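Spelled out from the first residue to the last, the chains are:
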Amino acid sequence: MTNDKPRVRFAPSPTGMFHVGGARSALHNWLYARQHGGTLVLRIEDTDASRNRPEWTEGIIRALGWLGIDENQYEGPFFQSANAEEHRKAVERLRVAGRAYFCDCTRDDVIARTGDSYKGYDGHCRDRGLEAAPGRALRFRTPDEGTTVVIDLIRGKPAFENATIEDFVIARGDGSVLFMLANVVDDMTQGITHVIRAEEHLSNTPKQQLLWEALGAQPPIWAHVPVVVNEKRQKLSKRRDKVALEDYQAEGYLAEAMRNYLMLLGWAPSGDREIVPWSVIEEEFRLEEVNPSPAFFDVKKLRAFNGEYIRALPLADFIARCRPWLVAPQAPWTAEQYDEDVFAALAPLAQTRVAVMSEITAIVDFAFLDEPEIDEASWNKAMKEPAAAILAAAIESYTDAPWTAEELKSRTEAIGVAHGLKLGKTQAPIRVAVTGRTVGLPLFESLQVLGRDRTLARLRKAATALA
RNA sequence: GCCCCGUUGGUCGACGCAGGUGAAGACGCCGGACUCUCAAUCCGGAGAUCGCGGGUUCGAUUCCCGCACGGGGUACCA
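A quick note: this is a predicted structure, and the numbers were derived from the prediction, not measured. (Residues numbered from 1 in each chain as written. Chains lettered and ligands numbered in written order. Predicted model: local features only at pLDDT ≥ 70, side-chain atom pairs only at ≥ 80, totals over all residues. Heavy atoms only, no water.)

Another point: the pattern of salt bridges. The full count for this structure, using the stated rule, is 25 salt bridges. Measuring nitrogen to oxygen at the nearest pair gives 2.9 Å for the salt bridge that ties Asp 400 to Arg 411. Of the two residues, Asp 400 sits in the loop between helix 15 (387–399) and helix 16 (405–419) while Arg 411 sits in helix 16, which places them 11 residues apart along the sequence. For Asp 400, a relative accessible area of 54% translates into the label exposed. Judged by relative accessible area, Arg 411 falls into the partly exposed class, the value being 22%. Where salt bridges share partners, they join Arg 9, Arg 43, Glu 45, Asp 186 and Asp 187 into one cluster. (Salt bridge = Lys/Arg side-chain N within 4 Å of Asp/Glu carboxyl O. Helix = DSSP H or I, 4+ residues; strand = E, 2+ residues; numbered from the N terminus. Buried < 20%, exposed > 50% of the residue type's maximum accessible area, 1.4 Å probe, protein only.)

Below, the structure written as structure tokens:
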């Protein structure tokens, strides 16, 4: 177990969607292991049976894989529930050694005595010498004096007075163990040398370190990474914030952009750059340099990053990655309506216009739907005088035009000249008639791929609607 | 209440592990160029007394003390 190669772990509990904060911790652990020639172990902390569900575990594994942490990158997954025997033995050792005692106080009893729900346990049963019995929890006896100093790669050496650490419960009245104990025992049995996790666990750390020591082991090195917060500077929560990695994935954030952005929370690569290949991050990232203050998870900036990543994609990759949003459940058209070649023609125009993959659907929908989906605000804005005349002129002019973007553009310009309008104004009603919206891909290229018949049909329909 | 952590422009942060002529860059914002709309791209701009107050010093964002504010924890949750 003594080895200079670090063993780190990522230990999520499968109680919900995979949280972006968890993703960041996983990334930190992974990088630390790789940079030091160590090992990452994945441990699923499934002891809270009432809240666990197998699909959450699968979700975690899938999400990790999406970020690049696939099955080959870690040992495991191990399940905490499989380690129950070790937990029980550790509890017994502590009890026999006099480091833990039974307690029959309920929470209400404690509050009644201390008069404060935040006072913590008052040590009532410490010396009552209670025997094991159903309903009696086992509490760890914390030292009355002295200081517990934890070594933290990010925060230095936070010190905790032992007197302020209450005797905490390690096993419930039914004999099952709690996180505090199970987590430590698993880390011990799995030979973990560095515990890299979120700051919210910092105050648990002295308790856990005391447990390591009481069990006769050398505590690990800790590293508490600051929490990720929302715009109100509160820890991201499942209830009020969008935190599920899966949701971002489904919306069309690229894994590369996401992991790059996540790493920039609290850290930055050298030089005047933020968007860097993963290899640079692997080379330059230093856990010790992570800024200890909480970082705001700025979706706007993530979006900007994502847009840059999308634009940097080779066209073929861009097209391939659009696919999920171009078929049935995501797209409002059928497989028969969809035309791969048409999309390929539109893709280069669309690539600079999407910041998130899911936006591709609405940008090209006009090409696949039988009728464009007319946006009312756009219609009202564009279909003002002399829209009717422009549409009529366009129908007339387009009927015998060579069907190229260039030609359509110059014909439209001519229509504008006849009405004393610039191209910008002239194209507006045509654009809305054909695509349904006031903004979108370059119009004449769009018309070219749409084809003469469908273009004319839409212009006519709009013209009648206007009349 | 108690314990612990944090505090550089709206945001993420660089330089600073340091006492001494500029406090980077990016996102966002504003303006301009380009332009068939919107983007993209390019150019420019606004925006920080480095949380506050004392002290040490010729001089402090950097050292010392105090305070304020924010956050996390304080469960027979994880």
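Once you've had a look at it, read on.
As annotated in UniProt, the feature "binding site: Zn(2+)" (unreviewed entry) corresponds to Cys 103, Cys 105, Cys 125 and Asp 127 in the numbering used here. These annotated residues cover 25 residues of sequence, and their C-alpha atoms all fall within 13.2 Å of one another, placing them together at a single site. You can see Cys 125 is positioned in the loop between helix 4 (107–114) and strand 5 (137–140). Relative accessible area serves as the criterion here: at 1%, Cys 125 is assigned to the buried category. With residues up to four places along the chain from it excluded, the contact list for Cys 125 reads Tyr 101, Phe 102, Cys 103, Asp 104, Cys 105 and Leu 130. Topologically, Asp 127 is positioned in the loop between helix 4 and strand 5. (UniProt positions renumbered as here; feature names shortened; annotations may be inferred. Contact = heavy atoms within 4.5 Å.)

Taken together, the neighbourhood of RNA strand B is formed by 63 residues, with Arg 155, Arg 233, Glu 274, Thr 352 and Arg 353 sitting nearest. Taken together, the sugar and phosphate atoms account for 66% of what RNA strand B places within 4 Å of the protein. Glu 274 has a polar side-chain atom sitting 2.2 Å from a sugar or linking oxygen of RNA strand B. Put simply, the parts of the chain that give the surface near RNA strand B at least two residues each are strand 5, strand 7 (159–161), strand 12 (295–296), helix 10 (299–312), helix 17 (423–435) and helix 18 (443–450). When its residues are assigned to classes, the surface near RNA strand B shows 24 nonpolar, 17 polar and 22 charged. (Near = heavy atom within 4 Å. Polar contact = N/O pair within 3.5 Å; in protein donor to acceptor, adjacent residues only side chain to side chain. Nonpolar A, V, L, I, M, F, W, Y, C, P; charged D, E, K, R; others polar.)

So, on to helix 12 (residues 340–351). Helix length check: helix 12 (12 residues) gives 16 Å between terminal C-alpha atoms against 16 Å at 1.5 Å per residue, within 8%. Among the residues making up helix 12, those that are buried are Val 342, Phe 343, Leu 346, Ala 347, Leu 349, Ala 350 and Gln 351. Buried residues along helix 12 sit in contact with helix 10, helix 11 (315–322), helix 13 (360–368) and helix 18. Capping the start of helix 12 is the job of one residue whose side-chain oxygen sits 2.8 Å from the backbone nitrogen of Asp 341: Asp 339. (Expected span 1.5 Å × (residues − 1).)

Further remarks concern the environment of Glu 251. Within the fold, Glu 251 resides in helix 7 (residues 245–251). By relative accessible area, which is 27% here, Glu 251 ends up partly exposed. Once the C-alpha coordinates of Glu 251 and Met 357 are considered, the two residues, 106 residues apart in sequence, prove to be 6.7 Å apart. Non-local contacts of Glu 251, meaning those with residues more than four positions away in its chain, are made with Lys 242, Trp 325, Val 356, Met 357 and Ser 358.

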